[in-house]
Amino acid sequence: MSKMFQSSGLGRDVAMDLGTAWVRVAVKGKGLVLQEPAVAAVDRQTGQVLQVGHAAHEMLGRTPGQLLAVRPLAKGVISDFTIAQAMIQSFLKQALSGRLVKPRLLIGVPSEISEVEERAVVEAGLQAGARRVYLMESPLAAALGAGIDAARPEGALVVDLGAGVTDAAVLSLEGVVAAACLPVGGDALDEALIQSVRQKHNLLLGLRTAEKIKETIGRVGSVEESQTMEIKGRCLDTGLPRNVTITSEETAEAFAPTVDKILAGVQRALEHTPPELATDVAKGGVLLTGGGSLLRGLDRLLAEATGIPVTVAEDPALCTVLGLEKTLSQLHRRQEGPMQFARRRQVGAG
């Protein structure tokens, strides 16, 4: 079942935050209408998509032999075009209550997405039923959703930490001036925790269990108040279920290498920022958005690493879709199809 939101009004323009882990959809005049896991359940033999969203997410790690639960997006971009197209189509139908009129569709994408990847997103949207597709950098949308006036000349640094990608971008005059887009995010933190528990406790965890640990007692940096959590996994010696107790110190140790990569990416974005805008950022601080920004201690660690104040946005997971929704009223000002690369200065992730 979809998680629907009470709203009123009509609209044919649709905004979609197409994330690695979640898809959020807003409709012009109605606001946020849908929030679903970016998962599809596929028949192994026929390749047919049977379920998407919450229904498919419940099958992760539990699918019978003939079914496969698939995430069609990886590192913020489409990894399986056919499944992604079917998933977008299903979400559009839900968001528009099955209306036949083809909408204009605005989709958020990473700041350093390639032209080939951009074209894949546009084509998937068109084949899913949109009459026109527009793209917008997710950090820019997140800034708008958090209430930042992106049209002002003063620079602003937004770090959007999603499941598959961490996107650090310096914004000015409604554009991305410098960016560092890293293929690490919440999923990488989950995988790091799984490997740590495997090495220390000889226990195999599922992804959903690792995510629950991260959300409940997960920390980064120095842990002032230690917390514990009892978890169950499969013993690698016996193959039987076994319980162990995990501490917040263990999560901080497991997360450290991934967090170091995120901090290094933010610093690279700052290094490629023009001096005038860097001064603006130092005064205005860093804005953290995306679901991963809720990881305890991350804001403090980032502030220590950069020497710049850090603020976590209100409802950080919704900032991107809310910013995309705000842009729907100005679609006439945006270029249809892939974005123009000439207006973006990018920073390599190397």
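Criteria and thresholds
- Residues numbered from 1 in each chain as written.
- Predicted model: local features only at pLDDT ≥ 70, side-chain atom pairs only at ≥ 80, totals over all residues.
- Heavy atoms only, no water.
- Pairing = 2+ DSSP bridges.
- Helix = DSSP H or I, 4+ residues; strand = E, 2+ residues; numbered from the N terminus.
- Contact = heavy atoms within 4.5 Å.
- Axes fitted to C-alpha atoms, helices over the stretch in contact; angles between N-to-C directions.
- Buried < 20%, exposed > 50% of the residue type's maximum accessible area, 1.4 Å probe, protein only.
- Parallel < 35°, antiparallel > 145°, perpendicular 65-115°, else oblique.
- Nonpolar A, V, L, I, M, F, W, Y, C, P; charged D, E, K, R; others polar.
- Core = buried A, V, L, I, M, F, W, Y, C linked by side-chain atoms within 4.5 Å.
- pLDDT = per-residue confidence, 0-100.

Some points on the sheet that holds strand 15 (residues 228-235)
Thinking step 1. On the basis of which strands lie adjacent, the open sheet formed by three strands has the order 14-15-16 and antiparallel pairing. Only two strands of the sheet have a single neighbouring strand rather than two, namely strand 14 (203-204) and strand 16 (241-247).
Thinking step 2. With seven bridges connecting them, strand 15 and strand 16 associate as antiparallel partners. Paired with methionine 229 across the bridge in strand 16 is isoleucine 246.
Thinking step 3. Lying on the sheet, helix 6 (residues 207-217) is in contact with strand 15 and strand 16; it crosses strand 15 at an angle near 170°.

Thoughts on the pairing of strand 9 (residues 104-109)
Thinking step 1. Counting buried positions over the six residues of strand 9 gives six, a clear majority of the element.
Thinking step 2. Of the two faces of strand 9, both are covered, the one formed by Arg104, Leu106 and Gly108 as well as the one formed by Leu105, Ile107 and Val109.
Thinking step 3. As defined by bridge partners, strand 1 (residues 13-18) adjoins strand 9 across five bridges and the pair is classed as parallel. Residue pairing for strand 9: alanine 15 is matched across the bridge by leucine 106.

Points about the packing of helix 5 (residues 186-201) against helix 6
Thinking step 1. One way to put it is that helix 5 packs onto helix 6 with a least axis distance of 9 Å and a crossing angle of 100°. The angle between the axes of helix 5 and helix 6 places the two elements in the roughly perpendicular class. In this structure, helix 5 contributes Gly186, Leu189, Asp190, Glu191, Leu193 and Ile194 to the contact, and helix 6 contributes Leu207, Ala210, Glu211, Ile213 and Lys214.
Thinking step 2. Grouping the constituent residues of the contact of helix 5 with helix 6 by class yields six nonpolar, one polar and four charged.

Structural notes on the sheet that holds strand 11 (residues 156-161)
Thinking step 1. Spatial ordering of the open sheet is given by 13-12-11-17-18, a layout of five strands whose pairing is mixed. The open sheet has two edge strands, strand 13 (175-182) and strand 18 (310-312), and neither has a second partner. Here the strands of the sheet are splayed against their neighbours by 20° on average, with no regard to which way each runs.
Thinking step 2. Two strands pair when backbone bridges link them, and strand 12 (residues 166-172) and strand 13 are joined in this way by seven bridges, in the antiparallel orientation. Residue pairing for strand 13: valine 170 is matched across the bridge by alanine 178.
Thinking step 3. Across the sheet, helix 8 (residues 275-284) touches strand 11, strand 12, strand 13 and strand 17 (286-289), and the angle it forms with strand 12 is around 110°.

Looking at the environment of glycine 47
Thinking step 1. Mapped onto the secondary structure, glycine 47 falls in the loop between strand 4 (40-43) and strand 5 (49-52).
Thinking step 2. Between the C-alpha atom of glycine 47 and that of isoleucine 83, which follows or precedes it by 36 residues, the distance is 8.7 Å.

Quick notes on the nonpolar core
In summary, soluble globular proteins display a tendency toward joint burial of nonpolar side chains.
Thinking step 1. One finds Leu157, Val159, Ile213 and Leu302 to be the most contacted residues of the largest nonpolar core, which totals 41 residues.
Thinking step 2. Broken down by element, the residue count for this core peaks at eight residues, all from helix 7 (residues 248-271).
Thinking step 3. Each residue touching leucine 302, except ones within four places of it in the same chain, is listed here: Val159, Leu263, Val266, Val286, Leu288 and Val310.

Here we look at the confidence of the model for the protein
Thinking step 1. Residues with a pLDDT of 70 or more make up 91% of the protein, whose mean pLDDT is 89.
Thinking step 2. Here helix 1 (residues 54-57) stands out as the least confident element of the protein, with mean pLDDT 84; helix 10 (residues 319-327) is the most confident, with 97.
Thinking step 3. The low-confidence segment residues 1-11, where pLDDT is below 50, has 29 contacts with residues more than four positions distant or belonging to other chains.
Thinking step 4. Low confidence marks residues 341-350, where pLDDT is under 50. Its contacts with residues over four positions away, or in another chain, come to 39 contacts.

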